Amino acid sequence: MKPIPRRKFIQRSTQIGGSLLLLPALEACKFLGTQSSGNYFLKEFGIDESICRKLLAKALSRGGDFADLYFEYAVSNYLGLEDGKVNQSYGDISLGVGIRTVKGDQIGYGFTQDLNEESMMSAAATASTLCDMNATSVGSSFNSLRTGNYYPVAPDFNGIPGQSKLPLLQDINKKCFALSPEVVKVNAGFMSSAKRMMVVASDGSQAEDLIPSGFIYASVVAERNGKREQSGWNLGGRRDFSFYTDEVVSEVAGKAVNNTLKLFDAIQPPAGEMPVVLGPGVTGILLHEAIGHGMEADFNRKNISTYSTMIGKKVAEPFVNIIDDGTNMNLSGSINVDDEGTPGKKTVLVENGILTSYIHDKISAKHYGVEPTGNGRRQDFQNYPIPRMRNTYMLGGTATPDDVIKEAANGIYVENVSNGQVKIGEGDFAFYVSQGRMIENGKLTSPIKDVNIMGNGPKMLANITLAANDLEMFLGGGGQCGKNGQGVPVSFGMPTCLVKSLTVGGTQQKGGLS
Amino acid sequence: MKNLKEQQMSFPDLAAWVIDQTKKAGAQDCRVSLSRRRLVEINYRDRKPEVIKEATTKNLYLEVFMNNRFAGQSTPDFRQSTLAGFITGVVDNAKIMEEDPFRTLPDPKYYNGRTNVDLQLSDPDHKLITPENRHEMVKTVEEACLLKGADKVISVEAGEYDESSEEFVKSSNGFEGSSNGTYCQAGASMTARDEGDRRPAGYHYIGCRYKSDLPSLQGIGTEAAIRTLDLMGGKKIATSTVPVILENRGVARVLSGLFGPMSGGAIQQKRSFLADKKGTTIGSKLLTLTDDPYIPRGLGSKYYDGDGFPARKRDFFKEGTVNEFLIDWYYSRKLGWEPTSGSISNLIVPPGKRSVEAIVKDLHRCILITDYIGGNSNSTTGDFSVGIIGKLFEKGRFVQNVAEMNIADNHLKFWKKLVEVANDPWQYSQARLPSLVFEGVVVAGI
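Residues numbered from 1 in each chain as written. Chains lettered and ligands numbered in written order. Predicted model: local features only at pLDDT ≥ 70, side-chain atom pairs only at ≥ 80, totals over all residues. Heavy atoms only, no water.

*Asks:* Tell me about the environment of histidine 411 of chain B, residues and numbers included.
*Replies:* Residues and elements named next belong to chain B. Here histidine 411 shows up in helix α10 (residues 411-414). C-alpha separation for the pair histidine 411 and isoleucine 282, spaced 129 residues apart in sequence, amounts to 8.2 Å. Not counting the four nearest positions on each side in its chain, histidine 411 is found in contact with Val254, Gly257, Leu258, Phe273, Ile282, Ser377, Gly382 and Phe384. Engagement of the side chain of histidine 411 in a polar contact is seen with the side chain of serine 377, the distance being 3.1 Å. Among the polar contacts listed, one links the side chain of histidine 411 to the side chain of tryptophan 415, at a separation of 3.1 Å. (Helix = DSSP H or I, 4+ residues; strand = E, 2+ residues; numbered from the N terminus. Contact = heavy atoms within 4.5 Å. Polar contact = N/O pair within 3.5 Å; in protein donor to acceptor, adjacent residues only side chain to side chain.)

*Asks:* Now, about the sheet that holds strand β23 (residues 491-494) of chain A: what can you tell me, with residues and values included?
*Replies:* Strand pairing in a sheet is mediated by backbone hydrogen bonds. Such pairs are either parallel or antiparallel. Residue and element names in this part refer to chain A. Overall, mixed pairing links the 6 strands, which are arranged β11-β10-β9-β14-β23-β20 in an open sheet. Only two strands of the sheet have a single neighbouring strand rather than two, namely β11 (354-355) and β20 (472-473). As paired elements, strand β14 (residues 391-394) and β23 share 3 bridges and run parallel to each other. What sits directly across from asparagine 391, in β23, is serine 491. Its contacts with the sheet place helix α6 (residues 284-292) against β9 (322-325), β14 and β23, and it is angled at close to 110° to β23. (Pairing = 2+ DSSP bridges. Axes fitted to C-alpha atoms, helices over the stretch in contact; angles between N-to-C directions.)

*Asks:* Which residues make up the interface of chain B and chain A, and what values go with them?
*Replies:* Counting residues at the interface gives 93 residues for chain B and 99 residues for chain A. Both faces considered, chain B and chain A share a buried interface measuring about 7,800 Å² in area, 48% of it formed by carbon and sulfur atoms. For the pair chain B and chain A, the interface holds 12 salt bridges. The residue lysine 459 of chain A makes a salt bridge to glutamate 404 of chain B at a minimum N-O spacing of 3.6 Å. (Buried area = accessible area lost by both parts, 1.4 Å probe. Salt bridge = Lys/Arg side-chain N within 4 Å of Asp/Glu carboxyl O.)

*Asks:* How would you explain the side chain of serine 192 of chain A if you had to name every residue and give the values?
*Replies:* Mapped onto the fold, serine 192 of chain A is located in strand β5 (residues 183-201). Here the side chain of serine 192 of chain A touches lysine 165 of chain A through a polar contact of 2.8 Å, side chain to side chain.

*Asks:* Would you mind going over the pairing of strand β1 (residues 29-45) of chain B in detail, with residue names and values included?
*Replies:* All names here are of chain B. The buried fraction of β1 amounts to 12 of the 17 residues, a majority that puts the element mostly inside the structure. Sheet topology places β1 next to strand β2 (residues 48-66); 17 bridges connect them, and they run antiparallel. Residue pairing in the sheet places serine 35 in a bridge with asparagine 59 of β2. Joining the antiparallel neighbours β1 and β2 is a turn of 2 residues, in which aspartate 46 adopts a positive phi near 55°. Pairing geometry for β1 and strand β4 (residues 153-171), over 15 bridges, is antiparallel. By the bridge assignment, tyrosine 44 is partnered in β4 with alanine 158. (Buried < 20%, exposed > 50% of the residue type's maximum accessible area, 1.4 Å probe, protein only.)

*Asks:* Describe helix α3 (residues 117-128) of chain A, naming the residues involved and giving the relevant values.
*Replies:* With 12 residues, α3 of chain A ought to run about 16 Å at 1.5 Å a step, and its terminal C-alpha atoms sit 16 Å apart, in line with that. Looking at α3 of chain A, one finds that the buried residues are Ser119, Met120, Met121, Ala123, Ala124, Thr126, Ala127 and Ser128 of chain A. Of the surrounding elements, those touching the buried residues of α3 of chain A are α2 (49-59), β1 (66-82), β2 (85-103) and β3 (106-112) of chain A together with β2 of chain B. (Expected span 1.5 Å × (residues − 1).)

*Asks:* Can you break down the confidence of the model for chain A residue by residue, with the values?
*Replies:* For chain A, per-residue confidence averages 86 on the pLDDT scale, and 90% of positions sit at 70 or higher. Taken as a whole, residues 1-37 of chain A scores under 50 in pLDDT and shows 182 contacts with residues more than four places along the chain or in a different chain. (pLDDT = per-residue confidence, 0-100.)

*Asks:* How would you summarise the packing of aromatic side chains if you had to cite specific residues and measurements?
*Replies:* Using the criterion set out here, one finds 32 aromatic pairs over all chains in the structure. Measuring from ring centre to ring centre gives 5.9 Å for phenylalanine 41 of chain A and phenylalanine 71 of chain A, while their planes differ by 40°; the resulting arrangement is tilted. Of this pair, phenylalanine 41 of chain A sits in helix α1 (residues 40-45) while phenylalanine 71 of chain A sits in strand β1, placing them 30 residues apart in sequence. On the numbers, 6.5 Å between centres and 55° between planes, the contact of tyrosine 161 of chain B with tyrosine 183 of chain B is tilted. Of this pair, tyrosine 161 of chain B sits in strand β4 while tyrosine 183 of chain B sits in strand β5 (residues 176-192), and the two are 22 residues apart along the sequence. A relative accessible area of 18% means that tyrosine 161 of chain B is categorised as buried. (Phe/Tyr/Trp six-rings, centres within 6.5 Å; stacked < 30°, edge-to-face > 60°.)

*Asks:* Any chance you could break down the pairing of strand β17 (residues 443-448) of chain A for me, citing the residues and the numbers?
*Replies:* All names here are of chain A. Judged from the 4 bridges that link them, strand β16 (residues 428-440) and β17 form a sheet pairing that is antiparallel. Each bridged residue has a counterpart across the sheet, and for arginine 437 the counterpart in β17 is proline 447. Hairpin geometry of β16 and β17 is characterised by an intervening segment of 2 residues between the two adjacent antiparallel strands and by a positive phi of about 55° at asparagine 441.

Shown next, in the form of structure tokens:
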């Protein structure tokens, strides 16, 4: 093995910006090697077939169905602007290997930040403690998997240097202030990262990937008649610097200011059950929370999801089709290969209203006797993979958006959503509406804000009664999904659609608006 | 492979070396934080190990201050051969930043006054925990949960997690601090059979700095089952305005909406609905909230904060009045205020005299909120909205479990509705808060 080359490592900090939990991080990507995926860990860290074979043999030395190695080197950087100056620089590095031994649905897991043989063998020994049988053999040869390329970058991609980010952040600041005299504070940030990973499994499969990601955001505070409001916007995904054009900067600034100013006229809706129309795009977070998590196969093989007995059954009206997709170009949840070595795929979860598939990793796929769907994902090498969503969306229907609003008659229209949560066993979910409109007599009326909406996933799915023909994907780069303490980037999409009834958590009972 | 290993220096020696090298690279000031953590996690499901995980992590975080410019970066690689390049890189990153006159290390006078009291943050017996101990702990918790859950059990997952950690912080202008800590947690989550397709899941996990402070493991497992069975049949009821009781362990979920707006950053950036409320009454007389870093074995106890300021006991709210904000060094300079420390330790609300059970008996109709789902709080306006799970009582008698419901309000109104504090502060969190009773809260349902 060769010495680890000189590089710059950075620390991850956290800050809320935009509408979702954003994790500004790192830069210094210039220290990554220049080659695209393919033998990166051999060239930079001397991880060759011989050491991989040795580690896998150790991980399976006490038996097990299979073992895998997940090598990771990720460098990230966050630059932030406050009070007109780009004055915050934080960075982070993630470097190490996670070693997993699997026996049935049991997992032994060890990891180390030191890519020397002694430390890695120790991690492999930890993983092996799960079993107490005769050793399992390792495949005789390693073959690289063929994968898609859903976030192409130039062969010399090294991440996005800090110097490139500065003028964009300064431009966002200027644009926000220029858009309205009511803007009093602007925070802007640019997070980017470049991650190299390699998975080597005892069945002889091997895959490498180079994953660019990031987003740019603006968060705005405005004042009107002594009252303040704040909102923001972000754009990004699995992209290199070429995405961050002047048009993108203008869109982020424009939406951040516009979203903020709209709030001055917003009211809180009445509390209680009512029809809810989901606008296109970011409202797909409801799909993610209300339905997607319940379809993750680990919850189902453990029999703890409300969808555990519903495969092949009708769960929605015939016009409802729901997809979880790793193959969308440049979206945050896209994957060339998942974190246990299954190539990215497109998975139909609900087809014509029938539940057709769960979201699988290798363990659950074996349990159900199906092929893995490419959803085995993990936050980093310190965690083992579990079934996770990628880009989850519902296909459009045939109605127009106006038809959907008219059909609702009286209720609320959801424009922007900030976060959500689900209880898997009950199927109950919540999502937070940061912006929306009242629907009165089939028309959009007063703006609304800051209201939590509650429902039950299976009931909600069955209560989608109309969908428009305007499917829109969320193009933000800050979407993070949390499960079992692990965060992974995801995206979602939604056409305008009507949910017959959900509980809206306002501050006054029906009959009066607050 | 030998060339990937180097002799490791002690934390104090490594920190001194990094500071020396950073200054030689051109920085005027710097601060280095070193940490190491050993963790073990064991989970069981269906009476067999589901996950066994064990590892050691380490981190070096370097903050560079030069010509009013700043950069902070971290690395897990402690080898001097690679740190030399790392340090140069951090300094280079600081150079490209725009000048900010408020970016400096703190005035060293603020480092003085650290307590000499032993806060007992590290269990001397922690290293005696064996793999066999851990497996026995999990089995005990799991069996108790299975026993109590009986025929309602679909699945039980029980787990043990423990860690030991050490840190060392040194700055170029005189701060030096170190701290060791331990933590041990045990608990279980259970999924139960309910009506139709509902499979309510409840949990009970308890963590302490000292393993010996954990309550009975059987009790932990039993409580996990009880809390799950308490969710059975949960349904929403008609939207109504009723008294609500926030159960002790969950009070922080709502209270946390006050902390973001109390930070120097939110105040200076005009994102705080509390910015002009210092000295103003925003809650009932019962809202006294103390931050106490000196509780022995407390999960939030500490000797110093992130700026190196000595931890001190203070009141955020006194009888409903805003008394002190969370002002770190950077924002104290931007605001022109004295720094107060930007982080919290252990949160205390003086307990009342009655139990939740006694309080419920006196309320005509009320909801005891035992868990939350989703929700958010707007730091600029004070508006919040959050989903709730709990129990409905009438005249002291249990009526039904409730789910799929929501409470919403504005913090400036909500805390004035606080009418009683129970006598049950929760011991197993840095938010050591008792149950709180609020009147006239809109609970949205049907």
